[in-house]
Amino acid sequence: MESVFLTFILVSPFAVYSSHFRIPDYDDVVVATNGRPITLVCTDTTVRGAIALNWMAKSLDADEWKLVLSASERKEFSGGASKASMRLTDPKFQDTGVFSLSFLPRMEDCGLYLCSIKQQETKLKERIILLAILTVTIVPTAPIPQHSTLRLIASVNPNVAISRITWAAPGGISMKSEKNLKVGTVAKLPQVQYTDNGTYVCMVHPWGNSSNAVFAFNVDVIVDADKVASFTNITHGPMISTATQAQTPFALTCHGVQGDKVLLYWQPPETSRQSSLRLVYQYDRWRGSTWLTEQSKKLQLAGPPYNAEAGSFSFFLTPGLKDGGLYVCDVFLNDNAFSQRTMLSVLKESISVTTPSLLPSLSALLLLVPLVAAAVGVLLWRQKHISDRGIEHTLSVHSSEAENIYENPEDIRQAPPQGSVYMDLKPRGEDDVYKELERYE
């Protein structure tokens, strides 16, 4: 889009250095718009009588001064560096002590100006003034289409003559601005609205001592009431298809460009039409404003290595089971748009199983150990006892007959008591361990 250039003049009193030359000390600051009258002030009310006044100028990289204007009580004449608009503000300077110079400055008038006052070859006063050029650029040109990005750009040459430049919106509202080494100090209003019409103020803050702490210039911004900008230059990133677990933070990435504003849209999984995209989060880093919805509660702008205030955007989403679907992150930079789409599936949460304590089972097992040991001992004794009886019985019956020691325990129960312990291994219901252990006298 086209741009508008507004030129202002800055006169600043400070010793400035560059890689090619050194600017000497100077004494005051005067700021004026390009082509409008300015006054380089030089006064000394203590000086009276026959004096010689010389105004001289030189460019920043020059070694010698050139005469602009010379005057005495008898005559006045212009030098080679004079402009047609240059004149003394008070023709009777020898009586008033006002030696100021007025003219209509242009871009090429950047440089140093010297006011020199002598009386009978004696130097009474010298005053050096640095003239710097302030240029303001407005993009796009007025009337500005709605939804376009308004850019207010200000620069000063030499830029070391000032400490900073700030901007204020109508109503005196401070605007965010950033210093760009290539173009100057930039303030922006992304997706400008008709209500952004009005007078903006560019404020130049000089470096060092100054008779004025700040110089303010009005800049009128006119937004078109009917025309709306369309973003045809859209860069689409590759579609991302992925899945995440419910209630687990997930990174929704945006385009890597350093943008001005970010909008995040969401299309639920049960819908498929483009018109079903819902705006769920909006952040404007220049206005410092955030627009939220109910869905935004599950979203937050990502921190390092991202920095939303500097234009590096990404989101963290903590999704529920119904928060899958298509997410579209649109980043706007000036009049360009960058879009990144992510198709997200949300999986059910993993179920955590709590393992019951084994202490009660271990305790019961430890209680059974002595009982089991006793039962085993009885069984071994009984087996030996039955084996002895079996041998005796075998001698009296046919050798092919064998006795089953587990077949009829009643035979043993009916035997004369011998002070032995008998254990019936056939289970008889609950708590068999305790019921099977019996002692016979």
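Scroll up to find the structure.
Figured I'd write up the structure that's included with this text. All of these numbers come straight from a predicted model, not from anything done at the bench.

Some remarks on the overall build of the protein chain
A count of helical and extended segments in the protein chain gives four helices and 33 strands. Within the span of the protein chain, comprising 441 residues, buried residues form 40% of the whole. Contacts spanning at least 24 positions in sequence make up 61% of the contacts within the protein chain whose residues lie at least 6 apart. Summed over its atoms, the accessible surface of the protein chain is roughly 25100 Å², and 54% of this surface lies on carbon and sulfur atoms.

Considerations on the sheet that holds strand β5 (residues 38–40)
Judged by pairing direction, the sheet is antiparallel, and its three strands sit side by side in the order β5-β10-β9 without closing on themselves. Pairing within the sheet leaves two strands with one partner each, and these edge strands are β5 and β9 (87–88). By the bridge criterion, three bridges tie β5 to strand β10 (residues 101–103) in an arrangement that is antiparallel. Each bridged residue has a counterpart across the sheet, and for Ile 38 the counterpart in β10 is Phe 103.

A word on unusual backbone geometry
Cis peptide bonds are those with omega within 30 degrees of zero, and the linkage from Ala 142 to Pro 143 qualifies with -5°. Along the polypeptide, Pro 143 turns up in the loop between β12 (122–139) and β13 (144–146). Even without glycine at this site, Glu 121 takes up a positive phi of about 65°. By the element assignment, Glu 121 lies in the loop between β11 (111–119) and β12. By relative accessible area, which is 70% here, Glu 121 ends up exposed. Phi at Gln 247 is positive, roughly 65°, even though this residue is not glycine. Within the element layout of this structure, Gln 247 appears in the loop between β23 (240–245) and β24 (250–253).

Brief notes about the pairing of strand β27 (residues 289–292)
Strand direction decides the pairing type here: strand β26 (residues 278–284) and β27, joined by four bridges, are antiparallel. In the sheet register, Gln 282 faces β27, and the bridge partner there is Trp 291. Remark: four residues form the turn of the hairpin made by β26 and β27, two consecutive strands paired antiparallel; Gly 288 in that turn has positive phi of roughly 70°.

A short note on the nonpolar core
Residues Leu 134, Val 136, Leu 152, Ile 165, Trp 167, Met 175 and Tyr 200 are the most contacted members of the largest nonpolar core, which totals 36 residues. With sequence-adjacent residues up to four places away left out, Ile 165 is seen in contact with Leu 134, Ala 154, Ser 155, Val 156, Ser 177, Thr 185, Cys 202 and Met 203. One finds Ile 51, Leu 53, Leu 69 and Met 86 within the second-largest nonpolar core, a separate group that totals 24 residues.

Describing the state of the cysteines
Tallying each qualifying case throughout the model produces two disulfides. Between the sulfur of Cys 42 and that of Cys 115 lies a disulfide, 2.1 Å long from S to S. Measuring handedness by torsion sign, the sulfur bridge of Cys 42 and Cys 115 sits at about -75° and is left-handed. Highlighted residues: Cys 42 in the loop between β5 and β6 (52–58) and Cys 115 in strand β11, separated in sequence by 73 residues. Like Cys 115, Cys 42 is buried. The partner cysteine of Cys 254 in its disulfide is Cys 329, sulfur to sulfur 2.0 Å. Between Cys 254 and Cys 329, the S-S torsion sits near 95°, and that sign places the bridge as right-handed. Of this pair, Cys 254 sits in the loop between β24 and β25 (261–267) while Cys 329 sits in strand β30 (residues 325–333); the two residues are 75 residues apart in sequence, bridging distant segments of the chain. Among the residues examined, Cys 254 registers a relative accessible area of 11% and is labelled buried. Taking the relative accessible area as the measure of exposure, Cys 329 reaches 2% and is therefore buried.

Quick word on the pairing of strand β7 (residues 66–72)
For β7, a buried count of five out of seven residues is recorded, marking the element as mostly surrounded by other parts of the structure. As paired strands, β6 and β7 are joined by six bridges and run antiparallel to one another. Counted as the bridge partner of Asn 54 is Ser 70 from β7. Of the pairings in the sheet, the one linking β7 to strand β8 (residues 76–78) comprises three bridges and is antiparallel in character. Bridged to Ser 70 within β8 is Phe 77.

Some words on the sheet that holds strand β20 (residues 215–221)
Here we have four strands laid out as an open sheet, ordered β16-β15-β19-β20, and antiparallel in their pairing. A single partner strand is all that each edge strand has here, and the edge strands are β16 (173–174) and β20. By the bridge criterion, six bridges tie strand β15 (residues 162–169) to strand β19 (residues 198–206) in an arrangement that is antiparallel. Along β19, the bridge assignment pairs Thr 166 with Met 203.

Topic: the environment of Leu 326
Here Leu 326 is to be found in strand β30. On the basis of relative accessibility, which here comes to 6%, the residue Leu 326 falls in the buried class. C-alpha separation for the pair Leu 326 and Leu 277, spaced 49 residues apart in sequence, amounts to 8.5 Å. Once residues lying within four places of it in the same chain are set aside, the contact partners of Leu 326 are Met 239, Tyr 265, Trp 266, Gln 267, Arg 341, Thr 342 and Met 343.

So, the packing of aromatic side chains
What the rule picks out here adds up to six aromatic pairs. With a centroid separation of 5.1 Å and 70° between ring planes, the pair formed by Tyr 281 and Phe 315 is classed as edge-to-face. Of the two residues, Tyr 281 is situated in strand β26 and Phe 315 in strand β29 (residues 314–317); the sequence distance between them amounts to 34 residues. Take Phe 315: its relative accessible area is 0%, and that puts it in the buried class. We note Lys 58 situated over the ring of Trp 65; from NZ or CZ to the ring centre the distance is 5.0 Å.

How each quantity is defined
Residues numbered from 1 in each chain as written. Predicted model: local features only at pLDDT ≥ 70, side-chain atom pairs only at ≥ 80, totals over all residues. Heavy atoms only, no water. Helix = DSSP H or I, 4+ residues; strand = E, 2+ residues; numbered from the N terminus. Buried < 20%, exposed > 50% of the residue type's maximum accessible area, 1.4 Å probe, protein only. Contact = heavy atoms within 4.5 Å. Areas by Shrake-Rupley, 256 points an atom, 1.4 Å probe, with all protein chains shown as cover. Pairing = 2+ DSSP bridges. Core = buried A, V, L, I, M, F, W, Y, C linked by side-chain atoms within 4.5 Å. Disulfide = S-S within 2.5 Å. Phe/Tyr/Trp six-rings, centres within 6.5 Å; stacked < 30°, edge-to-face > 60°. Lys NZ or Arg CZ within 6 Å of the ring centre and 35° of its normal.

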